[in-house]
Amino acid sequence: MIEVEDLRKVFAVRRRAGRLRRTRHEVRAVGGISFSVPRGEMVGYIGPNGAGKSTTIKMLTGILTPSSGRLRVAGIDPARERTRLARRIGVVFGQRTTLWWDLPLLDSYRLMRRMYRIPDDRYHANLARCTELLDLGDLLEVPVRQLSLGQRMRGDIAAALLHDPEVLYLDEPTIGLDVLSKAKVREFLRELNADRGTTVLLTTHDLSDIEQLCKRVMVIDHGRLMYDGDLDGLHAVGESERMLVIDLERELPPIDVAGCRTVKVEGPRQWLAFPAGASAAPLVAEVAERWPLVDLSVREPDIEDVIARMYA
Amino acid sequence: MADLAAGARGYGLIVAMWVRTTMAYRMSFAMTALGNLLMTAADFATIAIMFSHTDVLGGFTFAEVALLYGTTSTSLGLADLLLGNLDRIGGRIRDGTMDTLLVRPVPVFAQIAADRFALRRIGRVLQGLIVLVWSLTALEGVAWTPVSVLLVPVMVLSGAAIFGAVFACGAAFQFWATDAAEVQNSFTYGGNTLTQYPPTIFTKELVRGVTFVVPLAFVNWLPALHILGRDDPLGLPGWVDFASPLVAAACCALAGLAWRTGLRGYRSTGS
Ligand SMILES: Nc1ncnc2c1ncn2[C@@H]1O[C@H](COP(=O)(O)OP(=O)(O)OP(=O)(O)O)[C@@H](O)[C@H]1O
Ligand SMILES: [Mg+2]
């Protein structure tokens, strides 16, 4: 569905140098990435600020023309046939709305229906479905500018789906949403992907979005693809560690057991890190045998830590 | 060509929606349209006051100047009504909302031109038309021929196309300089004020400039001079009086080129 080959985007920018002088400068936003996303896949696209995520999405939608590289979405070259592609993709920018600011939601939807030439039955079915699942019933007559951030985002997601797009791009769709709204949006996306087989590419800084939605993740940093694979593999690559937290009877010096390291001591509680791939059982057995153990728990590795370690 | 049809259709859809929204507040629309009409009529009042002190201006009678005024005002009014919102593009480029237009299946030009379509601007058109019709009834000693009768609507529409092309060029220019709306306004609104007056009261250099550089002389001066049976101050060949549609078409082609070049270089914003 999406084919990307050695895609690059370089921005030429002018920076102030001294009072009047300006120097030209090149910013390499995307520096040669390749990947492909088959139909029906849901992919998380993550990376730190300024990594090149939004720039990639803008090239995939045809907003920006790539500096070089090959790009196909649904068989279409986005920059060359942007308006033709527009009918087949849906885009949600978390940062800004694609709706008409001064119009009630429903008017925006009606206009989109005509713009995209959506058949009546599809329009009504999609609108009913989005209204129900995204809880838009009371909001349809409200001008977009009066909607709260979370309400607007749900309205935007619905707008991006009325024309049955084959591909949906979401650039930070959960930014600024509360826990409940996030859950609603995630549930909706999961269903969309499962029922319709819509291909989804999602950027986010909330890694629980990825954990809950995407089997596949791509990590980008400084315009380069650092990782492309499943979530478990990401742990291996990131050399992530699990954490054994033990409560002892009393305060003791740091425990010393082979195969793990003590990272923190706080009164009678100690934290022991060990490789995510290793089993916890022998470790627990040894600790229980040699030290006065009261309680223990195992913490799974945090994807956030993994990513942070990759960026470092 | 398919682009043009898609653009026109998209433009129509968006305009229809804004007109519906405007018409939900009929009273307020009527007031603002009337206000628009009166405000633009102030220009004509200035000219009328001038003629209370003198019978001719640069050799032109009141009715003759009214013909110039009526045609250019109607032309600008039409262009302003249909494309005047194009100058918002600079703001949209700067704040990044331009991106959201680029993901819709309608040409961006149509979307920006139609966005927040302001029907109240019809006030200027009406005002220009009123003055134009009055001038046609008041003109004395004009030998009307079928050609010169036809020249009136042709002149108004060509003029609208020329002003429209200037609006579009100005908008295209904002892809490079996002705060350049004033430059374009000086050509459209400024050019309008200029062509309300007879060419004979300006210096030859200025007249040359608006003939050959920014072809505003083709909006009304040259065709109107033919209708009034006068020679133009530059002594150009007679066929030039009929060249307005050609000049308008050339301007539109140029504007289209500028727009496409600008759009191709569009680079979005960092967030
Ligand atoms: N229009 C532009 N002009 C100049 N530089 C740009 C432009 N857009 C992006 N950049 C630069 O390209 C780089 C990548 O930006 P991009 O917006 O793709 O990052 P991102 O991964 O989406 O980051 P974030 O998580 O902060 O949204 C940044 O260094 C940014 O400064
Ligand atoms: Mg971004």
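Residues numbered from 1 in each chain as written. Chains lettered and ligands numbered in written order. Predicted model: local features only at pLDDT ≥ 70, side-chain atom pairs only at ≥ 80, totals over all residues. Heavy atoms only, no water.

Draft legend 1. Highlighting the site of ligand 1. Ligand 1 sits among 18 residues. The nearest are Lys53, Ser54, Thr55 and His205 of chain A together with Arg267 of chain B. Two or more chains meet at ligand 1, and those chains are chains A and B. The separation between an oxygen atom of ligand 1 and a polar side-chain atom of Asn49 of chain A is 2.9 Å. Within the backbone of Ala51 of chain A, a nitrogen or oxygen atom sits 3.2 Å from an oxygen atom of ligand 1. Listed by contribution, the elements that provide at least two residues to the shell around ligand 1 are β1 (2-16), β2 (22-37) and α1 (53-61) of chain A. Per element, the largest residue contribution to the shell around ligand 1 is 3 residues, and it comes from α1 of chain A. When its residues are assigned to classes, the shell around ligand 1 shows 6 nonpolar, 9 polar and 3 charged. (Near = heavy atom within 4 Å. Polar contact = N/O pair within 3.5 Å; in protein donor to acceptor, adjacent residues only side chain to side chain. Helix = DSSP H or I, 4+ residues; strand = E, 2+ residues; numbered from the N terminus. Nonpolar A, V, L, I, M, F, W, Y, C, P; charged D, E, K, R; others polar.)

Draft legend 2. Structural detail: the layout of surface pockets. Considered as a void within the structure, the largest pocket measures approximately 1500 Å³ in volume. Along the walls of the largest pocket sit 46 residues, with Asp3, Pro107, Phe109, Trp259 and Arg260 of chain B positioned nearest its centre. Among the secondary structure elements, those contributing two or more residues to the lining of the largest pocket are α2 (82-86) of chain A together with α1 (2-23), α3 (62-83), α6 (108-114), α8 (146-173) and α12 (244-264) of chain B. A class-by-class count of the residues in the lining of the largest pocket yields 30 nonpolar, 7 polar and 9 charged. (1 Å grid on protein atoms, 1.4 Å probe; cavity = no way out; pocket = protein on both sides within 12 Å on 5 of 7 lines; lining within 4 Å. Points joined across faces, edges and corners; volume = space filled by probe spheres on them.)

Draft legend 3. Layout of the sheet that holds strand β9 (residues 224-230) of chain A. Residues and elements named next belong to chain A. The mixed open sheet is built from 6 strands, whose spatial order is β5-β6-β7-β3-β8-β9. Edge positions in the open sheet fall to β5 (89-93) and β9, since each of these has one partner strand only. Neighbour to neighbour, the strand axes of the sheet diverge by 15° on average, direction disregarded. When strand β8 (residues 216-221) meets β9, the two strands line up antiparallel, connected through 6 bridges. When the sheet's bridge partners are listed, Val217 is paired in β9 with Gly229. (Pairing = 2+ DSSP bridges. Axes fitted to C-alpha atoms, helices over the stretch in contact; angles between N-to-C directions.)

Draft legend 4. Broad picture of the environment of Tyr45 of chain A. Residue and element names in this part refer to chain A. In this fold, Tyr45 is placed in strand β3 (residues 42-46). Spatially, the C-alpha atom of Tyr45 lies 4.7 Å from that of Thr203, the residues being 158 residues apart in sequence. When sequence neighbours within four positions are dropped, the list of residues in contact with Tyr45 reads Ile33, Gly52, Lys53, Thr56, Leu201, Leu202, Thr203, Thr204, Ile210, Met218, Ile220 and Leu225. A polar side-chain atom of Tyr45 sits 2.9 Å from a polar atom in the side chain of Thr56. (Contact = heavy atoms within 4.5 Å.)

Draft legend 5. Focus on a positive patch on the surface. A contiguous patch of positive charge, built from Arg14, Arg16, Arg22 and Arg24 of chain A together with Arg267 of chain B, is present on the exposed surface. Tracing the sequence through the fold places Arg24 of chain A in strand β2. (Patch = residues over 30% accessible without salt bridge, like charges linked within 9 Å, V, L, I, M, F, W, Y side chains within 5 Å. Areas by Shrake-Rupley, 256 points an atom, 1.4 Å probe, with all protein chains shown as cover. Salt bridge = Lys/Arg side-chain N within 4 Å of Asp/Glu carboxyl O. Lys, Arg positive; Asp, Glu negative; His and termini not counted. Charge placed at Lys NZ, Arg CZ, Asp CG, Glu CD.)

Draft legend 6. Structural context of the packing of aromatic side chains. With the rule as written, the count across this model stands at 10 aromatic pairs over all chains. Centroid distance Phe175 of chain B to Tyr266 of chain B: 6.4 Å. Interplanar angle 70°. Geometry classified as edge-to-face. Residue Phe175 of chain B is located in the loop between α8 and α9 (181-195), and its partner Tyr266 of chain B is located in the segment after α12; the two are separated by 91 residues in the primary sequence. The class of Tyr266 of chain B is buried, set by a relative accessible area of 5%. An aromatic cluster is defined as three or more aromatic residues linked by ring pairs; in this entry it consists of Phe44, Phe51, Phe62, Tyr69 and Trp134 of chain B. The ring centre of Trp271 of chain A lies 4.3 Å from the NZ or CZ of Lys264 of chain A, which sits over that ring. In this arrangement the basic side chain of Arg230 of chain B is found over the ring face of Phe60 of chain B, its NZ or CZ atom lying 4.2 Å from the centre. (Phe/Tyr/Trp six-rings, centres within 6.5 Å; stacked < 30°, edge-to-face > 60°. Buried < 20%, exposed > 50% of the residue type's maximum accessible area, 1.4 Å probe, protein only. Lys NZ or Arg CZ within 6 Å of the ring centre and 35° of its normal.)

Draft legend 7. View of the pairing of strand β11 (residues 261-266) of chain A. All names here are of chain A. Sheet analysis places β11 next to strand β12 (residues 269-275), joined by 5 bridges and oriented antiparallel. Looking at β12, one finds that Val265 is bridged to Gln270. Hairpin connection of β11 to β12: 2 residues between the antiparallel strands, including Gly267 at a positive phi of 60°.

Draft legend 8. Layout of the sheet that holds strand β13 (residues 293-299) of chain A. Residue and element names in this part refer to chain A. Pairing is antiparallel across the open sheet formed by 4 strands, whose spatial order is β11-β12-β10-β13. The sheet terminates laterally at β11 and β13, the two strands that pair on one side only. Within this sheet the neighbouring strands show an average axis-to-axis angle of 20°, counted without direction.

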